[in-house]
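Spelled out, the chains give:
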Amino acid sequence: MTPSSSFPTMAFIGGGNMASAIIGGLIAKGMPASQILVVEPWEEARASLRKNFGIVALPEASAALASAGLAVWAVKPQTFKDAAAASAEFTRHAVHLSIAAGITSDSIAAWLATDRIVRAMPNTPALVGKGITGLFARAAVTTNEKLLIEQVISTTGQFVWVKDESNLDAVTAISGSGPAYVFLFLEAMTQAGKDMGLPPEQAYQLAVATFQGGSELAARSSESPDVLRQRVTSKGGTTHAAIVHMQEHKVLEHFIDAMRAAEKRAQELAVEFGK
Ligand SMILES: NC(=O)c1ccc[n+]([C@@H]2O[C@H](COP(=O)([O-])OP(=O)(O)OC[C@H]3O[C@@H](n4cnc5c(N)ncnc54)[C@H](OP(=O)(O)O)[C@@H]3O)[C@@H](O)[C@H]2O)c1
């Protein structure tokens, strides 16, 4: 379903990277700019929101937010509580969607004095309609409200609902932070290609196309990544040499530990900034 004038007005609190990705998706799919408001303290960010999307960008919370049926909280975990204090009185009638990492819906419910809260963990490929978002709703959120949020998030890519709110920390560690891991691997593959004598642009093109192609193959295949990997790995061949090296250096174990560190940080953010 595409966004239309039947959608409620949306108020974004915070107009940074992730808010822009979601707003871009909504506008691209036909949401009228006149139905989107943003509160964004940074003048430069407000100017680019107005220029790119033609939406109203306010420097601070005001009564203008009262028309919003959906409030999207897209501020950093560190500033959520202050932003909530400034906006809560104007967003009382809205259903709330938070994309902040870590901050629990219990904290948000206490700050906003409502239980109509959905938490989301999107990722930046939302910018090109290829995002994936983990969603969790508190019991007070109605089926229709969940449907509305699904329609909003669909404009940025896929979504999954998680059963337990704590699962969102895992989503954060896997797909929320995940694009950064992909970019890091792209950097490493490009560097390796350069070191082996390829022109940097060619090395980068090879690396990006390999991630794209490998992901697409996995997405379309009914076979496990393990089987797909074995098909690349000829006995006594080049891939085998690379994978043995990775196994000897416990690359996989370290990579899994890194995602555990991200999950742990999400839990810490909840404690540090959720009070
Ligand atoms: N980037 C990602 O990949 C990603 C993915 C999933 C979830 N998230 C979550 O999304 C949230 C936003 O991340 P981001 O990357 O979009 O951050 P960001 O680009 O820094 O955007 C946050 C914006 O909120 C503004 N802001 C700060 N205090 C405010 C207030 N009191 N009222 C209104 N706006 C305020 C900030 O302005 P100033 O710069 O002036 O402070 C900034 O422009 C975070 O909680 C993060 O955990 C991010």
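Note that the structure is a prediction, hence the values are computed from the model and not measured. (Residues numbered from 1 in each chain as written. Predicted model: local features only at pLDDT ≥ 70, side-chain atom pairs only at ≥ 80, totals over all residues. Heavy atoms only, no water.)

Trainee: In this structure, what is going on with the pairing of strand 1 (residues 9-13)? I would like to understand it.
Mentor: Regular strands place their side chains on alternate faces of the sheet. Burial of strand 1 is extensive: five of the five residues sit out of reach of the surface. Of the two faces of strand 1, both are covered, the one formed by T9, A11 and I13 as well as the one formed by M10 and F12. Relative to strand 4 (residues 68-73), strand 1 is paired through five bridges, and the arrangement is parallel. Bridge pairing in strand 4 places I13 opposite W73. Of the strand pairs in this sheet, strand 1 and strand 2 (residues 36-39) are connected by four bridges, and their pairing is parallel. Bridging across to strand 2, M10 finds its partner in I36. Taken together, strand 1, helix 1 (residues 17-28) and strand 2 form a β-α-β motif whose crossover is right-handed. (Buried < 20%, exposed > 50% of the residue type's maximum accessible area, 1.4 Å probe, protein only. Helix = DSSP H or I, 4+ residues; strand = E, 2+ residues; numbered from the N terminus. Pairing = 2+ DSSP bridges. Right-handed = clockwise from strand over helix to strand, strands pointing away.)

Trainee: Got a minute to help me understand the environment of L127 in this structure?
Mentor: Summarising the element assignment, L127 is placed in the loop between strand 6 (117-121) and strand 7 (131-137). Remark: the alpha-carbon pair of L127 and A101, spanning 26 residues in sequence, is separated by 18 Å.

Trainee: Just checking my understanding: could you explain unusual backbone geometry for this structure?
Mentor: Peptide bonds are, in most cases, trans, and in most cases residues other than glycine have a negative phi. Backbone geometry at A113 places phi at a positive 55 degrees, although glycine is not the residue there. Relative to the helices and strands, A113 resides in the loop between helix 4 (105-112) and strand 6. Within the chain, K250 stands out as a residue other than glycine whose phi angle is a positive 55 degrees. Position of K250 relative to the elements: it lies in the loop between helix 10 (238-248) and helix 11 (251-273). Exposure remark for K250: the relative accessible area of 46% places this residue in the partly exposed category.

Trainee: Please explain the UniProt feature "binding site: NADP(+)" (unreviewed entry) in the protein chain as it appears in this structure.
Mentor: Cross-referencing UniProt, the feature "binding site: NADP(+)" (unreviewed entry) maps to I13, G14, G15, G16, N17, M18, A74, V75, K76 and P77 in the present numbering. For the residues just named, distributed over 65 residues, the greatest C-alpha separation is only 14.1 Å, placing them together at one site. For M18, the location among the structural elements is in helix 1. For M18, a relative accessible area of 17% gives the class buried. If near-sequence neighbours (up to four positions away) are discounted, M18 is found in contact with I99, P122, N123, T124 and A126. Along the chain, the position of K76 falls in the loop between strand 4 and helix 3 (77-87). (UniProt positions renumbered as here; feature names shortened; annotations may be inferred. Contact = heavy atoms within 4.5 Å.)

Trainee: Got a minute to help me understand the packing of aromatic side chains in this structure?
Mentor: Aromatic ring pairs are defined here through the distance separating the ring centres and the angle between the ring planes. Per the stated rule, a full pass over the model turns up four aromatic pairs. Considering the side-chain rings of W73 and F80, the 5.3 Å spacing of their centres and the 15 degrees angle between planes classify their relative orientation as stacked. Judged by relative accessible area, which is 0%, F80 ranks as buried. With centroids separated by 5.5 Å and ring planes inclined at 55 degrees, the aromatic side chains of F80 and W111 adopt a geometry described as tilted. Here W111 lies in helix 4 and F80 lies in helix 3, a separation of 31 residues in the sequence. For the residue pair F80 and W111, the accessibility class agrees, reading buried in each case. (Phe/Tyr/Trp six-rings, centres within 6.5 Å; stacked < 30°, edge-to-face > 60°.)

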